[in-house]
Amino acid sequence: MYRSKQRGIMNSMFNAIYHKRNHKIVISLMAFIMFNLFSCTKNESPIKFTEVAKKVGIKFRHNFGAKNPRNILMTTGNGCAFFDYDNDGFLDVFLVNSTTLDSKGKIIPERATYHALYHNRGDGTFENVTKAANIIKVSYGQGCAIADYDGDGYEDLYITNYGPNILYHNRGDGTFEDVTEHSGTGDPRYSTGAVFFDYDGDGDLDLFVANYIKFPVEHHSWKKPHLRGPRYYDAEDDGLYRNNGDGTFTEVSKEVGLVSGGKSLMVMTSDFDGDGDQDIFIANDRTPNFLYENLGGHFKEIGLQAGIALDQNGNETAGMGLDIVDVNGDTRPDVYVTNFHWEYNNLYVNQGGLFFLDMLSSLGLDKNIWNHTGWATRLMDFNNDGYLDCFVAQGGLWAYRKTLPYGVTYPQKNFLFLGTPDGLFKQATNICGKAFQRKHVSRGAAFGDYDNDGDIDILVSNSGDWASLYRNDTPVNDRWLKIKVKGQPPNTDGIGAKVYVHIGNRTIFSEVRCSVAYLSSSDPTIHIGLRPGEIEGEAEVLWPSGKKSVAKVHAAKITIIEEPK
């Protein structure tokens, strides 16, 4: 539209000059042209998303067991995932569902609702293959984690639940097998986030499960809403499961130093101190956040002394969504946490030496956040201009009878902030297309290029509602590059690998991971937007094994880098 408008204006100008009209008319026309060009640049959207879920075949509605939430359990789900389960080069979709429980917490069979797996046909559409893939177990789902835990080259699926979690092993033929009992990963508590990572440096992927609160079954039978938040309940302990290398896991939570008292919602891992092993960060709800320093396979919780446990005022927040990314280009991982309404989110910038400063407001990420409740979040370059942007999924906790003070509502707009050349962010929600103008009660989100057109699309799970797929319709260009790493078995995804891309006059630092945002998993492919003049560069990969790879990378191309044997 913008280009066609420019073309029409320019044609008018050339016609005026060609016919040698009065110079005053030409001057007036030129002024008109400049005004319109400026107006188009200012008002036309630099990025556009289109909601296409049902149009492309994703017809999924989340069910938490009632018309409106009656208790806290009905408010915390649900997650989703982008992953290529059949290795055909196209990202497939998984959506976590809850179900309807009776007064004793048992599933009501005739009212059961199922998780959903959608196969990407490769033409922009999806097919529901849930039953064909044998993902048939009903559970009160919360989130999911994706990884190839057994090193056979196919992505496996872990589902967290209120009740025993489920591990599905990918058979490699388009179907999955429930191996929960055999693997020993059926954590029976109120589980939320989860992440596969190698905590002990033995080469295989272990599993961390974030557990929330001790929620009595009898509270689920309430017929009317009881607005009892997390402070009313005791914290549940988290779980760390060591991969035994034979398809089984052993819980080692206590022996490795995990502590009690955190009401955990989301967990991610990163090498925060650059010593070569994976540390753990946990976003806790109404309890201080946890930061576990990895001391060679044993952990020490240092959140308070690291400055990352509380907000700027020394308060516990409602830590929910989470992303870890190098925000300021110093090659150190920073932490972004989303919170409840009447709180600001947190952007903990890594100062080195395992110390962080909350710099949210100084970077412009506080615009209009205070009266919204944030969940899934991700900092990526959505418009391929070479600067990180920030997505936040939002939605209220309870179906309020009326708008709360300061304009807090139950359904809310999801937000997008665009990064700028001066290192700041600007609120851009209102210029990103109609998809961002609709209000939802959003929770989880996954990120990846499902249509392989070079930009990042967003899958959003909405509580008690239809899932959304935001197709990125920013004009296709060559201002991007992708890097996909292939590790040696058993860590075939290269989880935990550090990637440094040297291009132009900058170095972009990333870590390979799947579990991000809120109860969700995303494509681990590294995606980088490019600035003008950036065409070719060099990628350096530091593998968890200690090995190193170097490869050339090019604009508009995906580079596959394999770990040396």
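In this convention, every chain numbers its residues from 1, walking through the sequence in written order. For a predicted model such as this one, the threshold for reporting local features is a pLDDT of at least 70, and the threshold for listing and counting side-chain atom pairs is 80 or more; totals across whole chains, interfaces and linings nevertheless cover every residue. Based on all heavy atoms of the structure, the side-chain values leave hydrogens and waters out of the count.

## Brief notes about the sheet that holds strand β28 (residues 442-448)
Two strands qualify as a pair provided that DSSP identifies no fewer than 2 bridges between them. Starting at the N terminus, helices and strands are each numbered in turn, a helix being any DSSP run of H or I of at least four residues and a strand any DSSP run of E of at least two. Pairing is antiparallel across the open sheet formed by 4 strands, whose spatial order is β1-β30-β29-β28. Of all strands in the sheet, those with a lone pairing partner are β1 (49-51) and β28, marking the two edges. Each strand of the sheet is rotated relative to its neighbour by a mean of 25°, with strand direction disregarded. Looking at chain direction, β1 and strand β30 (residues 468-472) are connected through 3 bridges and run antiparallel. Looking at the pairing, Thr50 lines up with Arg471 of β30. Fitted lines through C-alpha atoms give the axes, limited to the stretch in contact for helices. The angle between two N-to-C directions lies from 0 to 180 degrees.

## A look at the domain arrangement of the protein
These domain boundaries are the output of an automatic or database domain assignment. Here the domain parsing of the protein yields domain 1 (63-396 + 403-459 + 467-472) and domain 2 (481-562). Across the contact, 66 residues belong to domain 1 and 29 residues belong to domain 2. Throughout, the accessible surface (probe 1.4 Å) given up by two parts as they are put together, summed over both, is called the buried area. With both sides pooled, the region where domain 1 packs onto domain 2 buries about 3300 Å², and carbon together with sulfur makes up 52% of that total. Summed over the three residues of domain 1 that lose the most area to domain 2, namely Met266, Thr331 and Gly386, the buried surface amounts to 13% of that side. A pairing counts as a salt bridge when a side-chain nitrogen of Lys or Arg comes within 4 Å of a carboxyl oxygen of Asp or Glu. Linking domain 1 to domain 2 there are 2 salt bridges. Distance and chemistry together define a polar contact, namely a pair of N or O atoms within 3.5 Å, with one atom able to donate a hydrogen and the other to accept it when in protein, and with adjacent residues in sequence counting only for side-chain atoms on both sides. Across the domain 1-domain 2 interface, the total number found is 24 residue pairs in polar contact (both at pLDDT 80 or more). Taken together, the elements giving at least two residues each to the side of domain 1 that touches domain 2 come down to β2 (80-83), β6 (141-147), β10 (191-197), β14 (264-270), β18 (322-325), β22 (374-380) and β28. In this count, Pro and Cys sit with the nonpolar residues alongside Ala, Val, Leu, Ile, Met, Phe, Trp and Tyr, while Asp, Glu, Lys and Arg are called charged and the others, Gly among them, polar. When the residues that make up the side of domain 1 that touches domain 2 are grouped by side-chain class, the tally is 28 nonpolar, 25 polar and 13 charged. Note on contacts: a residue pair is in contact if any heavy atoms of the two residues lie within 4.5 Å.

## Re the environment of Ile47
Relative to the helices and strands, Ile47 resides in the loop between α2 (23-43) and β1. In sequence terms Ile47 and Asp187 are 140 residues apart; their C-alpha atoms lie 42 Å from each other. Dropping the residues within four chain positions of it, Ile47 is found in contact with Phe382, Asn383, Leu416, Leu418, Ile431, Cys432, Asn472 and Thr474.

## Some thoughts on unusual backbone geometry
Going from Gly77 to Asn78, the amide bond is cis rather than trans, its omega being 25°. On the secondary structure map, Asn78 appears in the loop between α3 (73-76) and β2. Even without being glycine, Asn87 reaches a positive phi, approximately 55°. Checked against the element boundaries, Asn87 lands in the loop between β2 and β3 (92-95). In the Ramachandran plot, Trp342 falls in the positive-phi region, its phi being about 70° despite a non-glycine side chain. Mapped onto the elements, Trp342 comes out in the loop between β19 (334-337) and β20 (346-352).

## Concerning the sheet that holds strand β17 (residues 299-301)
Read from one edge of the open sheet, 4 strands run β14-β15-β16-β17, paired in antiparallel fashion. Single-partner strands in this sheet number two, and they are β14 and β17. The mean inter-strand angle of the sheet, taken between neighbouring strand axes irrespective of direction, is 20°. Relative to strand β16 (residues 290-294), strand β15 (residues 279-284) is paired through 3 bridges, and the arrangement is antiparallel. Across the sheet, residue Ile280 finds its bridge partner in β16, namely Tyr292.

## Quick notes on the nonpolar core
Looking at soluble globular proteins, one finds that nonpolar side chains tend to be buried together. In this description, a nonpolar core means a group of buried Ala, Val, Leu, Ile, Met, Phe, Trp, Tyr and Cys residues linked to one another through side-chain atoms lying within 4.5 Å. The classification of residues rests on relative accessible area computed with a 1.4 Å probe and restricted to protein chains. Under 20% of the type maximum is buried, over 50% is exposed, and intermediate values are partly exposed. Ranked by size, the top nonpolar core spans 61 residues in total, and within it Val335, Phe382 and Phe391 carry the most contacts. Two domains each put at least three residues into this core: domain 1 (63-396 + 403-459 + 467-472) and domain 2 (481-562). Residues in contact with Val335, not counting those within four places in the same chain, are Phe272, Phe281, Ile308, Leu322, Asp323, Ile324, Asn346, Leu347, Tyr348 and Phe356. In this structure, Ala145, Tyr158, Val179 and Val553 belong to the second largest nonpolar core, which totals 34 residues.

## Observations concerning the side chain of His115
In this structure, His115 sits in the loop between β3 and β4 (116-120). With a relative accessible area of 3%, His115 lands in the buried category. A distance of 3.0 Å separates the side chain of His115 from the backbone nitrogen of Asn97, its partner in a polar contact. Side-chain polar atoms of His115 contact the side chain of Ser139, separated by 2.8 Å. If near-sequence neighbours (up to four positions away) are discounted, His115 is found in contact with Phe94, Leu95, Val96, Asn97, Thr130, Lys137, Ser139, Gly141 and Ile159.

## Quick look at the environment of Pro216
As for its position among the elements, Pro216 is in the loop between β11 (206-211) and β12 (239-243). By relative accessible area, which is 24% here, Pro216 ends up partly exposed. Placed 132 residues apart in sequence, Pro216 and Asp84 show a C-alpha to C-alpha distance of 37 Å. In contact with Pro216, other than residues within four places in its own chain, are Tyr162 and Tyr233.

## A word on the packing of aromatic side chains
Only Phe, Tyr and Trp rings are paired, with Trp represented by its six-membered ring, and only when their centres lie within 6.5 Å; those with planes under 30 degrees apart are stacked, over 60 edge-to-face, the remainder tilted. Under the definition given, this model contains 25 aromatic pairs. By the ring-pair criterion, three or more aromatic residues cluster together here, those being Phe49, Phe382, Phe391, Phe436, Phe447 and Tyr470. As a reminder, the over-ring test applies to NZ of lysine and CZ of arginine, requiring each to be within 6 Å of the ring centre and within 35 degrees of the ring normal. The ring of Trp375 has Arg443 lying over it, and the distance from NZ or CZ to the ring centre is 3.9 Å. Against the face of Trp480 rests Lys482, its NZ or CZ located 5.4 Å from the ring centre.

## Re the state of the cysteines
Disulfides are defined as cysteine sulfur pairs within 2.5 Å. In total, this model carries 0 disulfides according to the counting rule given. Cysteine Cys80 remains unbridged, with the sulfur of Cys144 as its closest cysteine sulfur at 6.7 Å. In this model Cys390 remains outside any disulfide bridge; the closest cysteine sulfur is found in Cys432, 12 Å from its own. Note on Cys390: relative accessible area 0%, which makes it buried.

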